[in-house]
Amino acid sequence: MMQTLDVLKAARSVVIKIGTALIAREDADGVRTEWLTALAQDVAALRKQGKNVTIISSGGIALGRSALGISPQTPPQKIPLEHKQAASSVGQFRVFHGYHEAFSAQELTCAQILLTMTETENRAMHLNARATLQTLLDKGIVPIINENDTVSTAEIRFGDNDRLAARVAQMINADVVVLLSTIDGLYTANPYKNPGAQHIPIVETLGDEHVSMAGDALPGLSTGGMKSKIEAAQTALRAGIPLLIADGRAEHALDNIFNNAEMRCTLFMASAHEKNARKSWIHAHLKPKGAVYVDSGALQALKNGKSLLPVGVKKVEGVFARGDAVEIRALEDGQRLGIGLSAYSSKDAGDIMGKKSADILEILGYAGRDELIHRNDMVLEV
Ligand code: GLU
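Residues numbered from 1 in each chain as written. Predicted model: local features only at pLDDT ≥ 70, side-chain atom pairs only at ≥ 80, totals over all residues. Heavy atoms only, no water.

Interaxial distance between helix H4 (residues 60-68) and helix H5 (residues 81-105) falls to 6 Å at its minimum, and their mutual angle equals 110 degrees. With respect to each other, H4 and H5 are oriented roughly perpendicular. Counting all contacts with H4, which are made through Gly-60, Ile-61, Leu-63, Gly-64, Arg-65, Ser-66, Ala-67 and Leu-68, the residues of H5 involved are His-83, Lys-84, Ala-86, Ala-87, Ser-88, Val-90, Gly-91, Gln-92, Arg-94 and Val-95. Here the residues of the contact of H4 with H5 are counted per class, giving 8 nonpolar, 7 polar and 3 charged. (Axes fitted to C-alpha atoms, helices over the stretch in contact; angles between N-to-C directions. Helix = DSSP H or I, 4+ residues; strand = E, 2+ residues; numbered from the N terminus. Parallel < 35°, antiparallel > 145°, perpendicular 65-115°, else oblique. Contact = heavy atoms within 4.5 Å. Nonpolar A, V, L, I, M, F, W, Y, C, P; charged D, E, K, R; others polar.)

See the structure below:
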């Protein structure tokens, strides 16, 4: 579909989720080497077009099964949690080794990141994880992310990486999420059970009818299903990020998705209204713990869409921690100008206010963010 290609071509930051069945061989005894080589070539091509690529990869548990003596026939749901966690610590090493080999052959550097739910929900951790990811992307490195299965508990597990991919996309403000799995998109009914099920190429507004079309997990090594993909779409769309589901099994599937209008997939479109969802969330849900007062020069910069730098802040009020919400007020008359998440605690903000970002290291003894409040974390009301 041309519309889908347009979304993909315009994307500068792309999150790609690789399902277990794509990376792990069917006997679960190693990675699919040729497929991974093709993927690395496709990612290298996207990088050459100036796109940032972040990968969420499953496969840790599957590739650690044999070491734990778990047969490839045992469905993932039947493996006890502690065995899955132990398997993941063996398998994750193999997953990453596979990426490292395939990507370095394309002169790509990859970074391994293991996340848990906590990092995406706790604001201070969220800011740290995001800053790390941003730094890697700025350096042209491809982050390869998986859930930190060994430390997750049954209660806080993502359950699958589809949702993690959407969370990460939200975290780094990506432009599109691509879920590569063993099915080419959403159907009006489960196509494995209903031969008459129709493929849906574009979902303009995700509604309850789509949720009820989604069946459960697919057979084999994979753990997710259409249900978790729809949930991922809901999360991504709430952040204004479109999400695409495609069959990634064939070699160079990724290249096909980005270049071939005939490639069958489902695109969940994001509306312009949803683009501001993160900001409305900041606005509606966060109670300010303090305030920073800015001079007129800084106010002008904010109105021009810039971040708030320490140099523009003249007074800090209240006690807040890194990641807390603070009001932005005008120094002149105290008028509230907006609200945002502070990248520094009130103490550190007080120490660096009025100073150049280049001096932060010397003043605080550590090199923090250049911005006191990043523009993505700010809602202006004037
Ligand atoms: N984190 C799991 C693994 O590496 C996969 C979860 C999923 O497939 O969504 O095996």
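It is worth spelling out helix H1 (residues 2-10) at this point. Considered for burial, the residues of H1 that qualify are Thr-4, Leu-5 and Leu-8. For H1, the buried positions fall inside an angular range of 95 degrees around the axis, keeping them on one side. Exposed residues pointing more than 90 degrees away from the buried face of H1 are listed as Met-2 and Ala-10. Summarising the contacts, the buried residues of H1 are in contact with strand E5 (176-181), strand E8 (202-203), strand E9 (243-247), helix H11 (253-259) and strand E10 (265-268). (Buried < 20%, exposed > 50% of the residue type's maximum accessible area, 1.4 Å probe, protein only. Arc of directions from axis to C-beta.)

Further remarks concern the sheet that holds strand E4 (residues 142-147). Taken together, the 8 strands give an open sheet; going across it, the order is E3-E4-E2-E1-E5-E9-E10-E8, and neighbouring strands pair in mixed fashion. Each having just a single partner strand, strand E3 (110-115) and E8 make up the two edges of the open sheet. In the sheet, strand E1 (residues 13-18) pairs with E5 via 5 bridges, with the strands oriented parallel. Within E5, the position partnered with Ile-18 by the bridge is Leu-180. Contacting E5, E9 and E10, helix H10 (residues 226-238) runs over the sheet at an angle of about 150 degrees to E9. (Pairing = 2+ DSSP bridges.)

Most peptide bonds adopt trans geometry, and most residues besides glycine take a negative phi value. The backbone of Glu-107 shows a phi angle near 60 degrees, a positive value even though the residue is not glycine. Summarising the element assignment, Glu-107 is placed in the loop between H5 and E3. Given a relative accessible area of 76%, Glu-107 falls into the exposed group.

Under the 1.5 Å per step criterion, the end-to-end length of helix H8 (residues 161-172) is 16 Å for 12 residues, consistent within 8% with the ideal 16 Å. Counting buried residues in H8 gives 10 out of 12 residues, a clear majority hidden from the surface. Of all the positions in H8, only Asn-161, Asp-162, Leu-164, Ala-165, Ala-166, Arg-167, Val-168, Ala-169, Met-171 and Ile-172 are classed as buried. Backbone nitrogen of Asp-162 and a side-chain oxygen of the N-cap are separated by 2.7 Å at the start of H8; the cap is Asp-160. Looking at the residues trailing H8, positive phi occurs at Asn-173, about 60 degrees. (Expected span 1.5 Å × (residues − 1). Polar contact = N/O pair within 3.5 Å; in protein donor to acceptor, adjacent residues only side chain to side chain.)

What follows concerns the packing of aromatic side chains. The final tally for this structure, using the stated rule, is 2 aromatic pairs. Geometry around Tyr-293 places Lys-315 over its ring, the cationic atom sitting 4.3 Å from the centre. (Phe/Tyr/Trp six-rings, centres within 6.5 Å; stacked < 30°, edge-to-face > 60°. Lys NZ or Arg CZ within 6 Å of the ring centre and 35° of its normal.)

Before going further, it helps to examine the sheet that holds strand E12 (residues 313-318). The mixed open sheet is built from 5 strands, whose spatial order is E12-E11-E13-E14-E15. If you trace the sheet from one side to the other, it starts and ends with E12 and strand E15 (378-380), each paired once. On average, each strand axis in the sheet is inclined to that of its neighbour by 20 degrees, with strand direction left out of account. Pairing of strand E13 (residues 325-330) with strand E14 (residues 336-341) involves 5 bridges; the strand directions are antiparallel.

Burial analysis of strand E2 (residues 52-57) places 6 of its 6 residues in the buried class, the great majority of the element. Here E2 shows a buried face lined by Asn-52, Thr-54 and Ile-56 and a second buried face lined by Val-53, Ile-55 and Ser-57. Where E1 lies against E2, 6 bridges are found, and the strand directions are parallel. Paired with Val-15 across the two strands is Thr-54, which belongs to E2. Where E2 and E4 come together, 2 bridges link them in parallel fashion. Note that in E4 the partner of Ile-56 across the bridge is Ile-145.

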